Amino acid sequence: MQKNKIIFLLFLVIIRSLNLFSQETVGSDSLSNDKINIPGVVAVGSITPLALAGVYVYMNNAWWNEKSTGFHFDDGKDLIYAKNLDKLGHYTASLMVSNAFSDILRVANVPENWALFGGATLSVLNATVIEIKDGYAPYWGFSIYDELANVLGAFYPVLQAKVPFFKNINFKWSFDLDYSYETEYYKYKVATEHEEAYSFIDDYDRQYFWMTVDWANIFCKNKPKNKFPYCIDFAIGASANNLKTLDPDKKICQELYVGFDLNLTKLFQRKNWGYYVCKYLNFYHLPMPGMQIAPKPKVSYPLLMY
């Protein structure tokens, strides 16, 4: 439960910060026309280390519990770990953090380009700290490919701002919260180490990574919004199963899904608390109709997919 509390608290910090900083700019749609909110920028400088410290403490307990060694690069283990689903995790997390930093800078009236690139840069710095720490881990090492995923994710909002078409393509994450069964990974960690060694960030059997496409904005932009489900996007998802298992007969199974996604960002357009809540909840793929298409189609897959 500690990991869930940390994530929830970080989410509240982001939303509360955006709400507080934006109070001085209510009614202004062009924040760059106002003076920079110095107290807001100072608050960003104060909140940011606290948020990073929370992530670092959790990662230190869940991931870096071995003795450290000299700094070194990954020797190839990273390219086979979790069938590279972790790269999607790095990408998606950096994308969200980049958005959060940029939004906080925007409501502090930092000029748009500075906010955009500043958010991306802060996101990369945040992720790089973690990668450098990996470089001192005896089993792992600094991964160039993880860092590349971090950079690409952090700067994707910049691409969306500069090439508006890419605003129609977004990336999300979801997690199977149904604990009525135990995944192979959970059983593996309990049997080979101990129950406390289980970490949700390493349980890729329960994680799903999604790319969503705003088909309504691409193909029906000029049509009345009340005549079709303009909040429903198309989604493609990826996951895997049996990445770590005690049963030698069970093979690693990469999974691919297609379905729909609820685009919460279309519910609020004015930049108030509702807008920011929807924007950051939108990074999570809510349960929507879908089906598995690989390794083999499952038409009878549950109606609501994580």
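Residues numbered from 1 in each chain as written. Predicted model: local features only at pLDDT ≥ 70, side-chain atom pairs only at ≥ 80, totals over all residues. Heavy atoms only, no water.

Enquirer: Which residues make up the overall build of the protein chain, and what are the values?
Expert: Regarding its fold elements, the protein chain presents eight helices and six strands. Ordered by position from the N terminus, the helices and strands of the protein chain form the series α-α-α-α-α-β-α-β-α-β-β-α-β-β. The buried share of the protein chain, reckoned over its 306 residues, is 43%. Counted over contacts in the protein chain with a minimum sequence separation of 6, partners at least 24 positions apart contribute 69%. (Helix = DSSP H or I, 4+ residues; strand = E, 2+ residues; numbered from the N terminus. Buried < 20%, exposed > 50% of the residue type's maximum accessible area, 1.4 Å probe, protein only. Contact = heavy atoms within 4.5 Å.)

Enquirer: How would you summarise the pairing of strand 2 (residues 207-213) if you had to cite specific residues and measurements?
Expert: Counting buried positions along strand 2 yields five of seven residues, so the element is predominantly enclosed. Bridge analysis of strand 1 (residues 169-175) against strand 2 gives seven bridges, and the strand direction is antiparallel. Counted as the bridge partner of lysine 172 is tryptophan 210 from strand 2. Taken together, the five bridges between strand 2 and strand 3 (residues 232-241) define a ladder with antiparallel strand orientation. (Pairing = 2+ DSSP bridges.)

Enquirer: Got a sec to walk through the pattern of salt bridges? Specific residues and values, please.
Expert: A side chain with one charge may pair with a side chain of the opposite charge, provided their charged atoms come close. Applying the stated criterion to the full structure yields eleven salt bridges. Arginine 106 serves as the salt-bridge partner of aspartate 103, at 2.8 Å between the closest nitrogen and oxygen. Placement of both aspartate 103 and arginine 106 in helix 3 (residues 85-107) is noted, with a separation of three residues, approximately one turn of the helix. Residue aspartate 103 is classed as buried on the basis of its relative accessible area, which comes to 3%. Under the relative-accessibility criterion, arginine 106 is labelled buried at 14%. Linking lysine 266 and aspartate 214 is a salt bridge whose minimum nitrogen-to-oxygen distance equals 2.8 Å. Taken together, the residues span a long stretch of sequence, with lysine 266 in the loop between strand 4 (253-262) and helix 8 (273-281) and aspartate 214 in the loop between strand 2 and helix 7 (215-219) at a distance of 52 residues. Residue lysine 266 is classed as buried on the basis of its relative accessible area of 16%. One salt-bridge network, in which partners are shared between bridges, spans Asp78, Asp86, Lys87 and Asp146. (Salt bridge = Lys/Arg side-chain N within 4 Å of Asp/Glu carboxyl O.)

Enquirer: Residues and numbers for the layout of surface pockets, please.
Expert: Looking at the second largest pocket, its volume works out to about 1,200 Å³. Where the lining of the second largest pocket is concerned, the elements lending two or more residues are helix 3, helix 4 (112-134), helix 5 (144-162), strand 1, helix 7 and helix 8. Per element, the largest residue contribution to the lining of the second largest pocket is five residues, and it comes from helix 3. When the residues that make up the lining of the second largest pocket are grouped by side-chain class, the tally is 15 nonpolar, ten polar and twelve charged. (1 Å grid on protein atoms, 1.4 Å probe; cavity = no way out; pocket = protein on both sides within 12 Å on 5 of 7 lines; lining within 4 Å. Points joined across faces, edges and corners; volume = space filled by probe spheres on them. Nonpolar A, V, L, I, M, F, W, Y, C, P; charged D, E, K, R; others polar.)

Enquirer: Please give an account of the side chain of asparagine 99 that cites residues and values.
Expert: Along the polypeptide, asparagine 99 turns up in helix 3. In this structure asparagine 99 comes out as buried when scored by relative accessible area, which is 12%. Setting aside its immediate chain neighbours within four residues, asparagine 99 contacts Pro157, Lys279, Tyr280 and Phe283.

Enquirer: Run through the packing of aromatic side chains, naming residues and quoting values.
Expert: If you walk through the whole model with that rule in mind, you get 15 aromatic pairs. Three or more aromatic residues link up through ring pairs in this structure, and these residues are Tyr91, Tyr156, Phe165, Phe166 and Phe171. (Phe/Tyr/Trp six-rings, centres within 6.5 Å; stacked < 30°, edge-to-face > 60°.)

Enquirer: I'd like a rundown of the confidence of the model for the protein chain, residues and numbers included.
Expert: Any residue range with low pLDDT should be treated as having predicted coordinates unsuitable for detailed reading. This prediction gives the protein chain a mean pLDDT of 80; 75% of its residues lie at or above 70. The weakest mean pLDDT in the protein chain belongs to helix 1 (residues 2-22) at 47; the strongest belongs to helix 5 at 97. In this model residues 1-9 is a low-confidence stretch, pLDDT under 50, and it forms five contacts with partners more than four residues away in sequence or in other chains. (pLDDT = per-residue confidence, 0-100.)

Enquirer: Report on the state of the cysteines, specifying residues and quantitative values.
Expert: A full pass over the atoms with the stated rule returns zero disulfides. No disulfide involves cysteine 231; its sulfur sits 9.4 Å from the nearest other cysteine sulfur, which is in cysteine 278. Of the residues examined, cysteine 231 reaches a relative accessible area of 12% and is grouped as buried. (Disulfide = S-S within 2.5 Å.)

Enquirer: Please give an account of the packing of helix 4 against helix 5 that cites residues and values.
Expert: Closest axis-to-axis distance for the helix 4/helix 5 pair is 9 Å, and the angle between their directions is 170°. Here helix 4 is positioned roughly antiparallel relative to helix 5, judged by the angle of their axes. Across the interface between the two elements, Asn113, Leu116, Phe117, Ala120, Thr121, Ser123, Val124, Ala127, Thr128 and Glu131 of helix 4 pack against Asp146, Glu147, Asn150, Val151, Ala154, Phe155, Pro157, Val158, Ala161 and Lys162 of helix 5. Its residues placed into classes, the contact of helix 4 with helix 5 shows eleven nonpolar, five polar and four charged. (Axes fitted to C-alpha atoms, helices over the stretch in contact; angles between N-to-C directions. Parallel < 35°, antiparallel > 145°, perpendicular 65-115°, else oblique.)

Enquirer: Could you give me a rundown of the nonpolar core, with the residues and numbers involved?
Expert: If you look at the biggest cluster of nonpolar residues, it comprises eleven residues: Tyr91, Leu95, Ala100, Val107, Tyr156, Ile169, Phe171, Tyr275, Tyr276, Tyr280 and Phe283. Mapped onto this core, the elements with two or more residues apiece are helix 3, strand 1 and helix 8. The biggest single contributor to this core is helix 3, with four residues. In this structure, phenylalanine 171 is in contact with Tyr91, Thr92, Leu95, Tyr156, Trp210, Met211 and Phe283, ignoring residues within four places of it in sequence. The next biggest cluster of nonpolar side chains, apart from the first, holds ten residues, and it includes Tyr81, Ala82, Ala137 and Tyr204. (Core = buried A, V, L, I, M, F, W, Y, C linked by side-chain atoms within 4.5 Å.)

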